[in-house]
Amino acid sequence: MEPPAPPAVVIHDQAVDAGEPIVLREPWPVLATRLPLRGMSAELARQAEWTGVEGGTIVLTVPAAPMAQGPSVERLRAALIEHFGRPLQLKMQVGETGSDTAHAVAQSEREARQRDAESAIVADPFVQALVQQFGGEIIPGSIKPA
C-alpha cells in the first residue's frame, strides 16, 4: 500500500482577487527556463509541471515533497508575479510529473541528439570502411553529440 500523498502547499495565503484569468501564453517548459531565476529556484521551475490555474492560484506539481516548500518556492512565486504582472498564489502539489517539465523536455532533446549522433556515425561510409577493414567496433555510449 502506498503512503498517502502529502497535502498540497499553498504559498502566500492572503486572498488574491481572481480578476482576469491567468493565461499561460507559451508552453510551461519554455517559460520555466526563461524566468529570471537561479540556483534552486531555477531548478524548481525546471522540475515542476504546470497543473493548472484555480482562480488566482497557479498549481504546479513537483516530484518530491522537499521541493514543495522553502524559499525557492517563494522566489518562483515572485518571478511568476512579475511575469504575469499581477498578484497570485502558488499551490505546490507533490506527485508524478510527466513530459511537460523543462527538465523532461531537455532530457528528451539530449536523447534525440544522442540517437542522431549514433545514427550518423553508424551510417558514415568512412566509419563503415574502418570497421570492416580493421575489424573494429563502435562502442555503445562512446559517441558524444556535438
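Check the entry above for the structure.
Computed from a predicted model, the values in this text were never measured in an experiment.

Below, the discussion takes up the overall build of the protein. Along the protein, the regular secondary structure elements total 5 helices and 4 strands. Walking the protein from its N terminus toward its C terminus, one meets helices and strands in the order β-α-α-β-β-α-β-α-α. The burial tally for the protein puts 32% of its 146 residues in the buried class. Taking the intrachain contacts of the protein between residues at least 6 apart in sequence as the baseline, contacts between residues at least 24 apart amount to 72%.

With that settled, consider helix H5 (residues 125-134). Across the 10 residues of H5, 1 count as buried, placing the element largely on the outside. A side-chain oxygen of the first residue of H5 lies 2.9 Å from the backbone nitrogen of Phe126; this N-cap is Asp124. After H5 finishes, the residue Gly135 shows a positive phi value of roughly 65°.

Here strand E2 (residues 49-54) runs beside strand E3 (residues 57-62); their pairing, made up of 5 bridges, is antiparallel. Bridging from a neighbouring strand, Glu49 pairs with Thr61 of E3. Where E2 hands over to E3, the hairpin turn is made up of 2 residues, of which Gly55 adopts a positive phi near 65°.

About the cut-offs
Residues numbered from 1 in each chain as written. Predicted model: local features only at pLDDT ≥ 70, side-chain atom pairs only at ≥ 80, totals over all residues. Heavy atoms only, no water. Helix = DSSP H or I, 4+ residues; strand = E, 2+ residues; numbered from the N terminus. Buried < 20%, exposed > 50% of the residue type's maximum accessible area, 1.4 Å probe, protein only. Contact = heavy atoms within 4.5 Å. Polar contact = N/O pair within 3.5 Å; in protein donor to acceptor, adjacent residues only side chain to side chain. Pairing = 2+ DSSP bridges.

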